[in-house]
Amino acid sequence: MPLEKVGVAGCGLMGSGIAQVAAQSGCEVIVREVSAPLVEKGLQSIEKNLARQVEKGTLQAADRHKIRARLKGTTNLEDFKDRDIVIEAIIEQLPAKKEFYSALDKICPKHTIFASNTSSIPITEMATSTTRPDRFIGMHFFNPVPVMKLVEIIRTIATDPKVFEEAVALGTRFGKTVVRTTDRSGFIVNRLLVPYLLDAVRALEEGVASVEDIDNSMKLGCGHPMGPLTLLDFVGLDTTYYISQIMFDEFKEKRFASPPLLKRMVLAGWNGRKAGRGFYDYSDPAKPKALDLR
Ligand code: 3HC
């Protein structure tokens, strides 16, 4: 049976994007946040994205309303009691995730698959707070979810192969290219991306070049859509810092260690675009201004 009833936990940047692509693929979606204003904010960002697609002519107005009708917001975890799969995109902290899964496990029927959008926390560790490690997988999306074409599907040593294939089919139905991977912190993308981003901060710290010249080098020299420091601001410096800590803890390798400058910026609250300041100042969001951090 295909997975039709989808729950999405968390309606921030990632959760709202996942809910949107799930509803666009025809699934019936309930998205849950911890407070009514957060539910409202998440649903509004989805509506804005759909409206932009209609304006551009990539989505019919009638389809927009059908997609919206398939999306329901809630603050009540109990509303996940009839879901075929719950995709979790809550805060990237293990204690919060474990508490969430332990509560969810008591609400959902036996057949419900649990999928985490974690970027680096071991899937196996989250699965231990449930009675269903065989129905637990990772489904890692990329920001902005409606645009980025990839999803990593992660199996643990305990995942039932049939559950893994169901998740692969769902990722494909969402319009994504699926890559299959195992439960190692960072999976494929962040294993390669995080050391690269951290190296860009080290290069800045060592005075190799300015913020703009480092970004332009990778944009124009390698054809990346964003330079590494712009991408750090986009993903969030705090998020990248937490990911690097988890990956360093897993592998004990220097390439995953956070450079002091990154830690200082996170301590100062300069977390990137969402904070108005990171490697760039976003006082005028249309014209980010590179900062001199050397
Ligand atoms: N939500 C939905 N759609 C968005 C969007 C958003 N937040 N931002 C941009 N878009 C859409 C635009 O509407 C536009 O759509 P169109 O092609 O139909 O017109 C398209 O994306 C391109 O947008 P723009 O023309 O405004 O801007 P760009 O061409 O500069 O593209 C970008 C923006 C897609 C974000 C591009 O710069 C890019 O690909 N950047 C790299 C992003 C990346 O690497 N993401 C992965 C981060 S790592 C991660 O998420 C993993 C985690 O674990 C850390």
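Residues numbered from 1 in each chain as written. Predicted model: local features only at pLDDT ≥ 70, side-chain atom pairs only at ≥ 80, totals over all residues. Heavy atoms only, no water.

Some thoughts on the domain arrangement of the protein chain
Turning to step 1, where the next piece is worked out: Assigned domains of the protein chain: these are domain 1 (5-182) and domain 2 (190-289).
Turning to step 2, where the next piece is worked out: Computed from C-alpha coordinates alone, the two centres of domain 1 and domain 2 are separated by 27 Å.
Turning to step 3, where the next piece is worked out: Every contact between the two is made by seven residues of domain 1 and, on the other side, six residues of domain 2.
Turning to step 4, where the next piece is worked out: Taken together, both faces of the contact between domain 1 and domain 2 bury some 640 Å²; the carbon and sulfur share is 60%.
Turning to step 5, where the next piece is worked out: Three residues stand out in domain 1 for area buried against domain 2, namely Ser 119, Ser 120 and Asn 143, and they jointly supply 50% of the buried area on that side.
Turning to step 6, where the next piece is worked out: Taken together, the links from domain 1 to domain 2 amount to zero salt bridges.
Turning to step 7, where the next piece is worked out: The tally of links from domain 1 across to domain 2 stands at one residue pair in polar contact (both at pLDDT 80 or more). (Domains from an automatic or database assignment. Contact = heavy atoms within 4.5 Å. Buried area = accessible area lost by both parts, 1.4 Å probe. Salt bridge = Lys/Arg side-chain N within 4 Å of Asp/Glu carboxyl O. Polar contact = N/O pair within 3.5 Å; in protein donor to acceptor, adjacent residues only side chain to side chain.)

A look at the pairing of strand 6 (residues 136-140)
Turning to step 1, where the next piece is worked out: In terms of burial, strand 6 is a largely internal element, five of the five residues being buried.
Turning to step 2, where the next piece is worked out: Residue alternation in strand 6 divides its side chains into two sets, Phe 136, Gly 138 and His 140 and Ile 137 and Met 139, and both sets are buried.
Turning to step 3, where the next piece is worked out: Bridge count between strand 5 (residues 113-116) and strand 6: three bridges; the pairing is parallel. Opposite Ser 116, over in strand 6, you have Gly 138 as the bridge partner. (Buried < 20%, exposed > 50% of the residue type's maximum accessible area, 1.4 Å probe, protein only. Helix = DSSP H or I, 4+ residues; strand = E, 2+ residues; numbered from the N terminus. Pairing = 2+ DSSP bridges.)

Some thoughts on the site of the ligand
Turning to step 1, where the next piece is worked out: Taken together, 18 residues sit near the ligand, with Lys 56, Ser 119, His 140, Asn 143 and Asn 190 positioned nearest.
Turning to step 2, where the next piece is worked out: Arg 52 places a polar side-chain atom, nitrogen or oxygen, 3.1 Å from a nitrogen atom of the ligand.
Turning to step 3, where the next piece is worked out: Contacts to the ligand include Asn 190, whose side-chain N or O atom sits 3.1 Å from an oxygen atom.
Turning to step 4, where the next piece is worked out: The protein chains hide 60% of the 1,000 Å² of surface that the ligand would expose on its own.
Turning to step 5, where the next piece is worked out: Contributions of two or more residues to the shell around the ligand are made by helix 2 (36-56), helix 7 (189-205) and helix 9 (228-235). (Near = heavy atom within 4 Å. Areas by Shrake-Rupley, 256 points an atom, 1.4 Å probe, with all protein chains shown as cover.)

Focus on the packing of helix 7 against helix 11 (residues 260-267)
Turning to step 1, where the next piece is worked out: Relative to each other, helix 7 and helix 11 sit at 95°, their axes nearing to 8 Å. Considered as vectors, helix 7 and helix 11 are oriented roughly perpendicular to each other. Two secondary-structure elements touch here, helix 7 through Leu 198, Val 201, Leu 204 and Glu 205 and helix 11 through Pro 260, Leu 261 and Leu 262.
Turning to step 2, where the next piece is worked out: Partitioning the contact of helix 7 with helix 11 into residue classes produces six nonpolar, no polar and one charged. (Axes fitted to C-alpha atoms, helices over the stretch in contact; angles between N-to-C directions. Parallel < 35°, antiparallel > 145°, perpendicular 65-115°, else oblique. Nonpolar A, V, L, I, M, F, W, Y, C, P; charged D, E, K, R; others polar.)

Focus on the side chain of Thr 181
Turning to step 1, where the next piece is worked out: Structurally, the position occupied by Thr 181 is in strand 8 (residues 177-182).
Turning to step 2, where the next piece is worked out: The residues contacting Thr 181, other than those within four sequence positions of it, are Glu 152, Ile 153, Ile 154, Arg 155, Phe 164, Phe 187 and Ile 188.

Some thoughts on helix 9
Turning to step 1, where the next piece is worked out: Most of helix 9 sits inside the fold, with seven of its eight residues counted as buried.
Turning to step 2, where the next piece is worked out: All buried positions along helix 9 are accounted for by Pro 228, Leu 229, Thr 230, Leu 231, Leu 232, Asp 233 and Phe 234.
Turning to step 3, where the next piece is worked out: Contact partners of the buried residues in helix 9: helix 7, helix 8 (211-222), helix 10 (237-251) and strand 9 (280-281).
Turning to step 4, where the next piece is worked out: Phi for Gly 236, located one or two positions after helix 9, is positive at around 110°.

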